[in-house]
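Chain by chain, the residues run as shown.
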Amino acid sequence: MKGNPYLFAAYAATWIIHIAYIGTIVSRYARLKREIDELKKPGLRSQEKPEARS
Amino acid sequence: MTETAPAPVITVSNLIKQFGRFAALRGVTAEFASGKLYAILGDNGAGKTTLLRTFAGLNQPSSGSLSILGASKFRDICQHVGYMAHPSLLYDEMSGMENLEYFARLYGIANRTRCAQVILAVGLDPALTRPVGQYSQGMKQRMSLARALLHDPQILLLDEPFSNVDVHSTTEMVRLLARTRDQGKTVLIVTHQASLLEGAADEFIWMEYGKIIERTRDLKRLEISAEG
Amino acid sequence: MSKLFFIFALLTLLLLGYALHAALVTAPTERTMGDVQRIFYYHVPSAWTAFILFFINFGASVYYLIKRNPTADIVALVCAEVGVVFCTVVLITGPIWARPVWGIWWTWDMRLTSTLVLWLIYVSYLFLRRFSSSGQTPTLAAALAVLGALCVPFVYFSIWFFRTQHPQPVMGGGGSIDPRMLHVLLINWLAFSCFAFLVCWSRYRLERLQRDVDHAHAMEALRDPRGKLR
Amino acid sequence: MTPPTGITRATLLKDLRLEWRSKDAINSMLFFSLLVVVVFSFSFDPTAEESRQIAGGLIWVAFLFAAVVALNQTWARELRNQVLDAYRVSPAPANSLFLAKVLGNFIFVIVLEALMTPLFIAFYRLRALGPAWQLLPLAMFGTWALVVNGTFFAAMCLRTRSREIMLPLLLFPISIPALLAMVQATTAILSGESSARFWIVLLSTYDLVFTTVCLLIFETVLNAE
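Read on for an overview of the structure. (Residues numbered from 1 in each chain as written. Chains lettered and ligands numbered in written order. Predicted model: local features only at pLDDT ≥ 70, side-chain atom pairs only at ≥ 80, totals over all residues. Heavy atoms only, no water.)

## Concerning the overall build of chain A
A tally of helices and strands in chain A yields one helix and zero strands. For chain A, the residues scored as buried account for 24% of the 54 residues in total. For chain A, the accessible area works out to roughly 3,900 Å², and carbon and sulfur atoms hold 63% of it. (Helix = DSSP H or I, 4+ residues; strand = E, 2+ residues; numbered from the N terminus. Buried < 20%, exposed > 50% of the residue type's maximum accessible area, 1.4 Å probe, protein only. Areas by Shrake-Rupley, 256 points an atom, 1.4 Å probe, with all protein chains shown as cover.)

## Notes on empty space enclosed by the protein
Summed over the entire model, instances satisfying the criterion amount to five cavities of 30 Å³ or more. If you list the elements that add at least two residues to the lining of the largest cavity, you get α3 (51-79), α6 (135-157) and α7 (163-191) of chain D. For the lining of the largest cavity, the leading source of residues is α3 of chain D, giving four residues. Here the residues of the lining of the largest cavity sort into seven nonpolar, one polar and one charged. Taken as a whole, the second largest cavity holds about 40 Å³ of empty space. What lines the second largest cavity is Arg75 of chain B together with Tyr87, Arg88, Ala92, Pro93, Ala94, Glu219, Leu222 and Asn223 of chain D. The set of elements that each furnish at least two residues to the lining of the second largest cavity consists of α4 (83-89) and α8 (197-223) of chain D. With three residues, the top contributor of residues to the lining of the second largest cavity is α8 of chain D. Taken together, the residues of the lining of the second largest cavity break down into five nonpolar, one polar and three charged. (1 Å grid on protein atoms, 1.4 Å probe; cavity = no way out; pocket = protein on both sides within 12 Å on 5 of 7 lines; lining within 4 Å. Points joined across faces, edges and corners; volume = space filled by probe spheres on them. Nonpolar A, V, L, I, M, F, W, Y, C, P; charged D, E, K, R; others polar.)

## Notes on the interface of chain C and chain A
Each side of the interface is counted separately: chain C has 40 residues, and chain A has 26 residues. Here chain C and chain A share an interface that buries about 3,200 Å² over both sides, 73% of which is from carbon and sulfur atoms. Here chain C is connected to chain A by four residue pairs in polar contact (both at pLDDT 80 or more). Elements with a contribution of two residues or more to the side of chain C that touches chain A: α1 (2-26), α2 (40-67), α3 (70-102) and α6 (179-223) of chain C. Sort the elements by how many residues they give to the side of chain C that touches chain A and α6 of chain C lands first, with 15 residues. (Contact = heavy atoms within 4.5 Å. Buried area = accessible area lost by both parts, 1.4 Å probe. Polar contact = N/O pair within 3.5 Å; in protein donor to acceptor, adjacent residues only side chain to side chain.)

## What about unusual backbone geometry?
All names here are of chain B. One non-glycine residue, Asn164, adopts positive backbone phi at about 65°. Among the structural elements, Asn164 can be located in the loop between β6 (155-159) and α6 (167-182). The backbone phi angle of Tyr209 is positive, close to 45°, even though this residue is not glycine. Take Tyr209: it is sitting in the loop between β8 (203-208) and β9 (211-216). The class for Tyr209 is partly exposed, based on a relative accessible area of 24%.

It is worth stressing that arrangement in space is one thing and function is another; only the former is reported here.
Structure representation (C-alpha cells):
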C-alpha cells in the first residue's frame, strides 16, 4: 500500500462522491428547515416575508 | 313554484383540490338536483373549471367527498355525464359528423341517425363536409355541445359554452339547454355571461377563491353582492 | 429518533474506519495485481449495495402502485437516488482498477455494460421524478420503476449472449478467493450497507421534511389564497 | 355497448384517417431517416465490406430516431383541443386506446421501414448472406418492442415539462436490450456468420413481457394527475 496512485484515486473518488451527495442533502435540509420555521412563525404569514423586503 | 326538493343528483361536501401548493378548491359543499339548470359564476381562478372537471372525473379531489348519482367512482356513472370543455374536444381534421360518429362509438352508440339528430338540435348541418378546424368559433362551440349531448346524459357539465358565439345562436343554445333541463336533466353551466341565462337558470352560484360564496335565484342580488 | 440516528451514524463511522483499515492493512496483497486489487474492497460492496437498493426501489414501487402508500413512494425515491450514487461509485472505481490491470479504462465487458445500462435506467427514473409536475410524479415514477426493473433480466441476458460471442478480458481473481480477502470484503460490504442505510435514512428525513413544507404551504394556500395565486 | 376491440378498431381507423389527412408523422419520419442515411454515409465509407458489420446498427438507430418522431405525434394529436379528455370522460376502456395507439404507430413505423429498406440496400450495397426471411419476423418483433414501450412512455411524458425531450430519455435506456437484439440479429443475418434465432426469441419474450405490463398499468398512467 505504498502510495499506489490508482488505489488512492479510487478510494478518494468514492468518498468525494459520497461526501458531495451528503453535502447536497445537508444543505437542502437546512434550507427546508429555515423555510418551515418561517412558515410556522405566527403573525407574519402571507403578508410579508422577511427576506422579500430586500 | 312549489318547494318539492328533488333528490340531489350531485352531492359534494368539503371538496378540496390542490395542485401542489396551489389550492383550486378550498372546501366546496353543495348539492345539485335533477331538473334544474345551474349557472356557476365567478372571476378567473375562482375554481369553476376545476369544480366542473372534478365532477367529470378528470380531477381527483385531494380530500372531501363527491357522489354523483349515488356513485363515488366516476367510472360507474360516466355513461350518464356529458362534458363540454373550454377547448372544443374535437379533432380539427375531421368533419363534425365524423367526429360524432367516433365519439358515439366510445359510448356504444352505433347509429348515424342519433349523430345527425344532435347536430340538427344544435342548429348545424350534418351533411357539412368541412373539417372542424375550419369552422367558426361559434360553430365549434355548437358542435362541441352536440358531442356532450350525444349520449343523452343525465348530467350536463358545460364550461363556457357561449364564448365567441353570436347572440342568435346563444339564444338557440339556451333554449335547447332549458329544454334539456325540462326533461329532468341536471345542467351545470360555467359562464362569464350570466345575463344570457337570466330567466333560464334556476339558480346562480357565485364562486370566489375556490369556495361557493352565494347561491341565489335572483341574478340581481348576486351582482350587487359581487360589487360590494 | 434523532439520538438513535446519531448513535447509528457513529457506529457506522467506526465500522467504516475499521473496514478501511482492514482493506488497506489487514488484507494480503494480491500476487499479480498488487495493491491495485484493494480497489476491489470498495468496488464490489458498492455494486452489491446499489443492486440491493434498486431491488428495494422495485418492491416499493410495486407496493405503491397497489396500495398508493406515500411512504412507499418516498422509499422508492430514496433508494433510487442513493442507488444511483453507489452505482456511480462502481462505474468510477471500475475503470480506475481496469486501467492498471487490463491496460484499458473501459471495456464493453458484460458486467460493466450491464451496470452502465442499469445506471442509465435509474438516472432516467430520477429525470422523470424531476420533470413531472408534483401530483402525478409518484404514479408515473412507480410505473417507470416497474418497467425498468423488468428490463434488467433482459439487459443481463442480452449482454451476456452478446459478449460471449466475442473475446473479452478475463475478470481478475479467477474462481477461488483467499479466505482472508473474503473476510475483508464482507466487512467492507457490511460497513457500506450500514453507510447506505444511514444515507437513505437522512435522505428519507429530508424528503419527509420536504413534504411537510409542501403540506404547510398547501395549508397556507387553503387558509388564504389571495397572496398565493400563481 | 361497443366491445373493447371495437373501440380499438374505431380509434385506430380514426388515427389512420387523421394521419392520412395531415401526413405529419409519416412525412417527417421519412425525411428524418433519409437524413440519417445520408449523414452516416459521410462518416464512413458505406460501400466497404466492413460496413456490412455496422449496417444493422445504423438501420435500427435510424428507425429508432424516426419512431420517436411518430410517437411524439400520436399523443400530440390527442392534446390538440384536449380531445384526450373527451376519451377519458367516456366509458371506453383505457387499454383500447393504448392498443389502438400501439397498432397505429406499429403501422407507421412498418410502412417507414418498408419504404426505407430498399434505400438502405441501394446506398450500402447490402445483401444478406444468411437466411433473409428471418428479417421479416425480426422487423415485426423489433418494431413492436420499440413501439409498445414508446407509446407507453409518450403517454407518460404527456404531463411532464418539456415532454418531447423526456421521451427519448425514458425510452432509450429501457430499449437497450431490444435494440441490441435487433442490431445483433440484423448483423448476424446480413453477414451470415451466426444464427439470429436467439435474438428473435429474446425479442419476442421482451415484447410479451412489456406488452403485458404496459396493459396492466396504462390506465393508472393515463388517469394519473
